[in-house]
Amino acid sequence: MRKLLPSSTPRGFTLVEMLVVIALLGVIATAIIIGINPVAQINKTNDAHRKSDLSAIQKALELYYQDNGNYPPSSADFKIYINSTAISWGSSWSPYITKLPKDTSPTNTYIYYSPASGNGQTYYIYANLQRGSNDPQSCNNGAACTSLAQGSSGFPTATACGGTCNYGVSSPNVSP
């Protein structure tokens, strides 16, 4: 009977080969993560959400205007002011909107301003976009919106949003 000799070809991977494969996978994963830039993507998503929120508020204000012939006044802390009550962001404003949107960042807030001199015919809504100058729709390349520089008494400051108020929408008769 013949005795079989052990094969001279190795079975499996050596430790060095495994380390090389793991290192290569790490380099590839790092390159992919850097290419995707997840922080920028999150900021872009948050900013898209803010723009959508301001659009929803704008639609609710237009419905209010159709019913009342003017826009609601703003409170001293730049909220919509109805029947001696400032409506908080995140609460209901029935029948115009189920829930007034609220900025998802705890340090930011939306700003609503309707100048008394406008007799309820004008409003401005501002937000702070995280991407600032990287967003093509931001005011003044990420700087504060031009209307905030008016300096009128009672007008919001350029940082009333919690950061730079660099995005705005307004009634059709003015520009943010």
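Please read these numbers as outputs of a predicted model, since none were measured by experiment. (Residues numbered from 1 in each chain as written. Predicted model: local features only at pLDDT ≥ 70, side-chain atom pairs only at ≥ 80, totals over all residues. Heavy atoms only, no water.)

**Overview of the pairing of strand β4 (residues 124-127)**
Side-chain direction in a regular strand flips from residue to residue, so the side chains alternate between the two faces of the sheet.
Phase 1 of the analysis: Every second residue of β4 is oriented toward a common face, with Tyr124 and Tyr126 on one face and Ile125 and Ala127 on the other, all of them buried.
Phase 2 of the analysis: Pairing of strand β3 (residues 111-113) with β4 involves 3 bridges; the strand directions are antiparallel. In the sheet register, tyrosine 113 faces β4, and the bridge partner there is tyrosine 124. (Buried < 20%, exposed > 50% of the residue type's maximum accessible area, 1.4 Å probe, protein only. Helix = DSSP H or I, 4+ residues; strand = E, 2+ residues; numbered from the N terminus. Pairing = 2+ DSSP bridges.)

**Here's the deal with the sheet that holds strand β5 (residues 167-170)**
Phase 1 of the analysis: Taken in spatial order, the 3 strands make up an open sheet running β3-β4-β5, and their pairing is antiparallel. Each edge of the open sheet carries a strand with a single partner, namely β3 and β5. Along the sheet, successive strands turn relative to each other by an average axial angle of 20 degrees, direction set aside.
Phase 2 of the analysis: Where β4 meets β5, 4 bridges bridge the pair, whose relative direction is antiparallel. Within β5, the position partnered with alanine 127 by the bridge is tyrosine 167.
Phase 3 of the analysis: Across the face of the sheet, helix α2 (residues 38-68) comes into contact with β3, β4 and β5 while running at roughly 165 degrees to β4. (Axes fitted to C-alpha atoms, helices over the stretch in contact; angles between N-to-C directions. Contact = heavy atoms within 4.5 Å.)

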